[in-house]
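Overview (structure and organization)
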Amino acid sequence: MAVKILASVTAVLGAAGLTLACMIGLVRGTIWAVSIDAIALRALAVAGDFVLGTILLLACIYLATHLAVRIVGVGHSEFPPLPVDEYSSEVRSGDSAKI
């Protein structure tokens, strides 16, 4: 149990640190991209910064979620059964309340 708690704390701190590092890098890249004098290169740099930032932040979210699922151990469990819909459009015989 102590190992699971330590792994959870490490995963949270690692994900937070990775996200913070990505944000710092993206802000520095955006400042650099905006300071370019040529309009075409500036537009290309801002678009690249946007694409790279989206990929990096999605990767951080994926990594944090993947680690959380691994640590908690629910990755291979079965899905719960779907609830029975009492108000479905299918009318069964002997069920006059849905007519």
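Section: the side chain of Asp49
You can see Asp49 is positioned in helix H2 (residues 39-72). Of the side chains with opposite charge, Arg28 lies nearest to the buried Asp49, which makes no salt bridge, at 11 Å. Beyond its immediate chain neighbours, meaning those up to four positions away, Asp49 contacts Leu26, Gly29 and Thr30.

Comments concerning the packing of helix H1 (residues 2-34) against H2
At a minimum axis distance of 10 Å, the contact between H1 and H2 shows a crossing angle of 180°. Judged by the inter-axis angle, H1 sits roughly antiparallel to H2. The residue inventory of the contact of H1 with H2, partitioned by class, reads 21 nonpolar, five polar and three charged.

Thoughts on H1
Look at H1: 48 Å from first C-alpha to last across 33 residues, which is about the 48 Å you get at 1.5 Å a residue. Lining the buried residues of H1 we find H2.

Focus: H2
The first and last C-alpha atoms of H2 sit 49 Å apart over 34 residues, in line with the 50 Å expected at 1.5 Å per residue. Looking at the packing, one finds that the buried side of H2 touches H1. The positive-phi residue at the C-terminal boundary of H2 is Gly73, with phi of around 85°.

Section: the state of the cysteines
Here the structure, examined in full by the defined rule, presents zero disulfides. Cys22 takes part in no disulfide bond, and the closest cysteine sulfur, belonging to Cys60, lies 3.5 Å away.

Thresholds applied
Residues numbered from 1 in each chain as written. Predicted model: local features only at pLDDT ≥ 70, side-chain atom pairs only at ≥ 80, totals over all residues. Heavy atoms only, no water. Helix = DSSP H or I, 4+ residues; strand = E, 2+ residues; numbered from the N terminus. Buried < 20%, exposed > 50% of the residue type's maximum accessible area, 1.4 Å probe, protein only. Lys, Arg positive; Asp, Glu negative; His and termini not counted. Salt bridge = Lys/Arg side-chain N within 4 Å of Asp/Glu carboxyl O. Contact = heavy atoms within 4.5 Å. Axes fitted to C-alpha atoms, helices over the stretch in contact; angles between N-to-C directions. Parallel < 35°, antiparallel > 145°, perpendicular 65-115°, else oblique. Nonpolar A, V, L, I, M, F, W, Y, C, P; charged D, E, K, R; others polar. Expected span 1.5 Å × (residues − 1). Disulfide = S-S within 2.5 Å.

In short, shape yes, function no, at least from these values alone.
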